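Next come the chains, spelled out residue by residue.
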Amino acid sequence: METGINSLLVSGDEGGIDVLTPDEASNATSTSTSSYQSTKQKEYSSRSRRATLVDDPDLLAFLGVARMTLTPWRYWNWTVPNSERTMDKTTDGTTEGTSNQSGLAIEVREYHGAESEGAFLALQRALRLDKSHPLAAHAMVHLTEALPLRNLGVGVTVARSDNWDDTTKKVINPSLRDAFLRTTVMSPSLGEHAADALFGSFVDVDDETERADGNENKNKSVLSPHLAHMAAHTYARLGRWRDAVDASVSAVNADKELTDKCVWPYGEAHNRVMLSHAAISLYGPSKNGESIAMAVSVDPGPPGEGHLDQFANFLTAFHDAHSILTAARFGRWRLVLKLAATAEQNAVNENATLRPSDSGAPLSAETWTNLVSSTVFGRAQWAYVMGLASSAGFTDSARSYKSEEDQGKDINTREQAYEPWIDGSFCAKISPTAWLAHVNDLTRDASLADHDDEFVVEGVSTRGGKGPFHETSPFKPNKKRLALIALYTLGAAIAGRSGDWESAVVQLELAKSVHSTLPYMEPEHWYLPPQLCLGEALLRSGRPEEALVVFRKELRDARPHDAWALQGERRALRRMESERGGGGGGD
């Protein structure tokens with residue numbers, strides 16, 4: 001067997017690897033990658049498929065990662081159905097319509113210039129040789145997690161054919177070369193075994209410990225916090241929310257053990273925000289989900305120095321969730337006002353030119369956000385949550401759908417008492433429409449852009465730290481689009497709370513459209529799925545059939561088994577049943 005530079009590898013059958021001869025290797029190193037790859041693709045169907053000569057899982061794992069690194073975070077393309085037509089993004093960023101020929105599975109292709117198929121085969125082979133190989137399992141999760149969820153419901157993976165030219169199996173992905181992948185319905189479930197391996201290998205078992213929700217938890221300590229956390233990526237995609245919570249709790253606890261020993265772990269904030277995301281999706285609008293999410297959220301902090309401003313121009317899911325957004329997620333509008341009043345009080349104490357007694361005139365929304373934040377996106381987040389809270393009268397949501405333990409309890413009483421320093425704050429006097437106008441102005445700010453040449457983070461954007469983020473990179477901030485989603489969502493909330501649910505539906509359709517352009521990220525870039533808000537608005541506008549379609553589409557395409565989407569589905573069905581029975585449509 002050739003070794004070293006002369007043993008360049010290309011993908012082969014059975015998840016194995018073909019080893020090139022020295023002449024082929026020389027040709028590969030002296031020819032451009034694109035032309036060589038094209039030549040090899042043409043030769044695939046006719047060349048003899050050699051048995052693998054590589055049985056080292058370490059080498060295979062390195063090979064898989066190397067192939068993934070050629071196009072970081074850009075591994076697959078596919079056509080997403082849109083009614084009877086689909087829109088497919090091409091390499092130049094434009095879209096073109098194509099029909100869904102199979103009507104069953106979504107065809108998956110390699111991203112232009114990627115070697116994702118070869119990466120998959122190398123990692124698959126490595127995991128067959130060592131099912132708990134940490135690098136191979138880690139990379140396999142990343143390689144498969146963003147595949148289309150809709151394929152989950154199409155059927156089981158087609159069995160591998162030993163005959164490369166076997167025509168008895170339905171070809172689903174004709175552009176791929178390997179017999180297994182050509183006839184496989186590709187979804188995030190392809191990485192499930194890798195996620196299970198990570199969770200099982202890097203979490204010690206102890207039946208006497210407790211889960212974050214107070215129930216028994218088998219997960220005590222983690223040998224590698226990040227590798228245990230990685231299992232949650234696939235679990236969240238597949239709707240295995242309890243397992244995602246367990247993995248995240250384990251990772252967060254292990255992070256704390258390390259920091260207590262003065263060891264700074266990798267990605268600890270990302271582990272916490274994943275825990276928040278999983279708990280919210282598992283428990284829905286209940287006490288358990290809220291308590292876990294609030295426990296790992298952080299307050300905005302002072303302008304310029306606080307958490308909100310420090311990360312305002314950076315990626316989202318890699319820093320802690322802000323308490324103002326978590327409070328908004330659960331309709332804790334009184335808490336939002338308290339956090340705002342605290343930020344205002346601290347800022348006023350630091351600013352000699354602005355005292356509560358200086359003037360009886362209320363502050364403008366613009367002046368107030370300038371007081372508490374030094375960044376455009378930080379100000380936009382404040383204006384957004386304050387507009388939501390103000391439109392609700394700073395009164396907590398009624399929580400019409402309580403868990404059994406919450407039934408009959410007045411969960412708002414403790415935080416609803418009048419407090420002069422909170423209710424007399426400047427921000428409490430600003431109208432919802434003023435907040436909305438301010439968010440609108442901030443979205444137009446020239447510094448809030450989603451263009452690659454605008455956002456470069458030293459040491460992160462590329463290896464040299466100078467290059468821009470690619471559109472599909474999970475590290476791209478996308479703050480312009482997030483601000484637009486906030487704008488449309490706030491507009492919908494104000495319209496709905498004034499009784500105009502039809503206008504709310506229009507605004508949320510806009511928010512959904514912007515949200516659909518965001519690149520894949522786990523957890524998602526935005527804390528509140530606009531699609532779920534749209535389903536709620538459709539319900540309240542008397543359109544339960546349309547609401548049911550929205551909720552079921554979310555369960556199918558975005559968040560399987562999500563408690564909020566399941567609750568929306570049940571409410572839509574009850575409303576439809578009630579209307580058919582002449583019950584007036586009450587929930």
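Residues numbered from 1 in each chain as written. Predicted model: local features only at pLDDT ≥ 70, side-chain atom pairs only at ≥ 80, totals over all residues. Heavy atoms only, no water.

1. What to know about the overall build of the protein chain
Now for step 1: Summing up its helical and strand segments, the protein chain has 23 helices and nine strands in all.
Now for step 2: Residue burial in the protein chain is summarised as follows: out of 587 residues, 53% are buried.
Now for step 3: At a minimum sequence separation of 6, the contacts of the protein chain that also span at least 24 residues come to 68%.
Now for step 4: Put simply, the protein chain shows about 26300 Å² of open surface, and 51% of that area lies on carbon and sulfur atoms. (Helix = DSSP H or I, 4+ residues; strand = E, 2+ residues; numbered from the N terminus. Buried < 20%, exposed > 50% of the residue type's maximum accessible area, 1.4 Å probe, protein only. Contact = heavy atoms within 4.5 Å. Areas by Shrake-Rupley, 256 points an atom, 1.4 Å probe, with all protein chains shown as cover.)

2. A short note on the nonpolar core
Now for step 1: With 78 residues, the main nonpolar core has W368, W382, Y384, V385, M386 and W435 as its most contacted residues.
Now for step 2: With 12 residues, helix α19 (residues 479-497) is the single largest residue contributor to this core.
Now for step 3: Filtering out sequence-adjacent residues up to four positions away, W382 remains in contact with P300, L308, I324, L339, A340, A343, W368, T369, V372 and S373.
Now for step 4: Of all hydrophobic cores here, the second largest spans 49 residues; its members include A126, A139, L143 and L198. (Core = buried A, V, L, I, M, F, W, Y, C linked by side-chain atoms within 4.5 Å.)

3. Comments concerning the packing of helix α16 (residues 376-391) against α19
Now for step 1: Two elements in contact, α16 and α19, have axes whose closest approach is 9 Å; the angle formed by their N-to-C orientations is 15 degrees. With respect to their mutual orientation, α16 and α19 come out roughly parallel. As for how α16 packs across α19, the hand of that crossing is left-handed. When α16 is examined against α19, the residues F377, A383, Y384, G387, L388 and S391 are found in contact with a partner set consisting of K479, L482, A483, A486, T489, L490, A493, I494 and R497.
Now for step 2: Residue composition of the contact of α16 with α19, grouped by class: 10 nonpolar, three polar and two charged. (Axes fitted to C-alpha atoms, helices over the stretch in contact; angles between N-to-C directions. Parallel < 35°, antiparallel > 145°, perpendicular 65-115°, else oblique. Left-handed = near helix turned anticlockwise from the far one by under 90°. Nonpolar A, V, L, I, M, F, W, Y, C, P; charged D, E, K, R; others polar.)

4. Focus on empty space enclosed by the protein
Now for step 1: Across all of its chains, the model carries one cavity of 30 Å³ or more by this definition.
Now for step 2: The computed volume of the largest cavity comes to approximately 480 Å³.
Now for step 3: The wall of the largest cavity is formed by 29 residues, among which V273, A321, E524, W526 and Y527 lie closest to the centre.
Now for step 4: Where the lining of the largest cavity is concerned, the elements lending two or more residues are α10 (268-283), α13 (323-329), α16 and α19.
Now for step 5: Ranked by residue count, the leading element in the lining of the largest cavity is α10, at five residues.
Now for step 6: Among the residues making up the lining of the largest cavity, the classes are represented as 14 nonpolar, nine polar and six charged. (1 Å grid on protein atoms, 1.4 Å probe; cavity = no way out; pocket = protein on both sides within 12 Å on 5 of 7 lines; lining within 4 Å. Points joined across faces, edges and corners; volume = space filled by probe spheres on them.)

5. As for unusual backbone geometry
Now for step 1: Note the cis peptide between E522 and P523, where omega equals -5 degrees.
Now for step 2: The topology assignment puts P523 in the loop between α20 (501-515) and α21 (530-540).
Now for step 3: A positive phi is found at C262, a non-glycine position, where the angle reads about 65 degrees.
Now for step 4: Along the polypeptide, C262 turns up in the loop between α9 (241-260) and α10.
Now for step 5: The phi torsion at F394 lies on the positive side, around 55 degrees, for a residue other than glycine.
Now for step 6: Inspection of the secondary structure puts F394 in the loop between α16 and α17 (420-423).

6. Regarding α20
Now for step 1: Taking 1.5 Å per residue as the helical rise, α20 with its 15 residues ought to reach 21 Å, and the 20 Å between its terminal C-alpha atoms agrees with that figure.
Now for step 2: Considered for burial, the residues of α20 that qualify are A504, V505, L508, A511, V514 and H515.
Now for step 3: Where the residues of α20 are buried, they touch α19 and α21. (Expected span 1.5 Å × (residues − 1).)

7. A closer look at the packing of aromatic side chains
Now for step 1: Scanning all chains against the criterion turns up eight aromatic pairs.
Now for step 2: Ring centres 6.3 Å apart and planes at 75 degrees place the aromatic pair Y384 and Y527 in the edge-to-face group. Residue Y384 is found in helix α16, and its partner Y527 is found in the loop between α20 and α21; the two are separated by 143 residues along the sequence.
Now for step 3: A connected cluster of aromatic rings, assembled from ring pairs, spans W368, W382 and W435.
Now for step 4: Just above the ring of W564 sits the side chain of R329; from NZ or CZ to the centre is 4.2 Å. (Phe/Tyr/Trp six-rings, centres within 6.5 Å; stacked < 30°, edge-to-face > 60°. Lys NZ or Arg CZ within 6 Å of the ring centre and 35° of its normal.)

8. Quick notes on the pattern of salt bridges
Now for step 1: The tally for this structure, following the rule as stated, stands at 23 salt bridges.
Now for step 2: The salt bridge involving R240 is made with E192; its shortest N-O contact spans 2.7 Å. One end of the pair, R240, is in the loop between α8 (225-238) and α9; the other, E192, is in helix α7 (residues 192-201), with 48 residues separating them in the sequence.
Now for step 3: For E192, a relative accessible area of 25% gives the class partly exposed.
Now for step 4: Bridged by salt links that share partners, the residues R150, K553, R556 and D557 form one connected network. (Salt bridge = Lys/Arg side-chain N within 4 Å of Asp/Glu carboxyl O.)

9. Some remarks on the packing of helix α3 (residues 57-69) against helix α5 (residues 134-144)
Now for step 1: Two elements in contact, α3 and α5, have axes whose closest approach is 9 Å; the angle formed by their N-to-C orientations is 30 degrees. If you check the angle between α3 and α5, you find them roughly parallel. Where α3 crosses over α5, the two elements pack in a sense that is left-handed. Side by side, α3 and α5 meet where A61, F62, V65 and M68 of the first sit next to L135, A136, A139, H142 and L143 of the second.

10. Let's talk about the side chain of E536
Now for step 1: Within the secondary structure, E536 sits in helix α21.
Now for step 2: Classification of E536 by relative accessible area gives buried; the value is 17%.
Now for step 3: Discounting chain neighbours no more than four positions away, the residues touching E536 are F551 and R571.

11. Some words on the confidence of the model for the protein chain
Now for step 1: Looking at the protein chain, pLDDT values average 78 and 70% of them are 70 or higher.
Now for step 2: In this model, residues 400-415 is a region of pLDDT below 50 whose contacts with residues beyond four sequence positions or in other chains number 21 contacts. (pLDDT = per-residue confidence, 0-100.)

12. Let's talk about helix α18 (residues 432-443)
Now for step 1: The terminal C-alpha atoms of α18, which comprises 12 residues, lie 17 Å apart, in line with the 16 Å expected from a rise of 1.5 Å per residue.
Now for step 2: Of the positions making up α18, those classed as buried are W435, H438, V439, L442 and T443. End-on view of α18: buried residues confined to an arc of 140 degrees, all on one side of the axis.
Now for step 3: Those residues of α18 that are buried are in contact with α15 (365-372), α16 and α19. (Arc of directions from axis to C-beta.)

13. Quick look at the environment of H525
Now for step 1: With respect to the helices and strands, H525 occurs in the loop between α20 and α21.
Now for step 2: The buried category is assigned to H525, whose relative accessible area is 6%.

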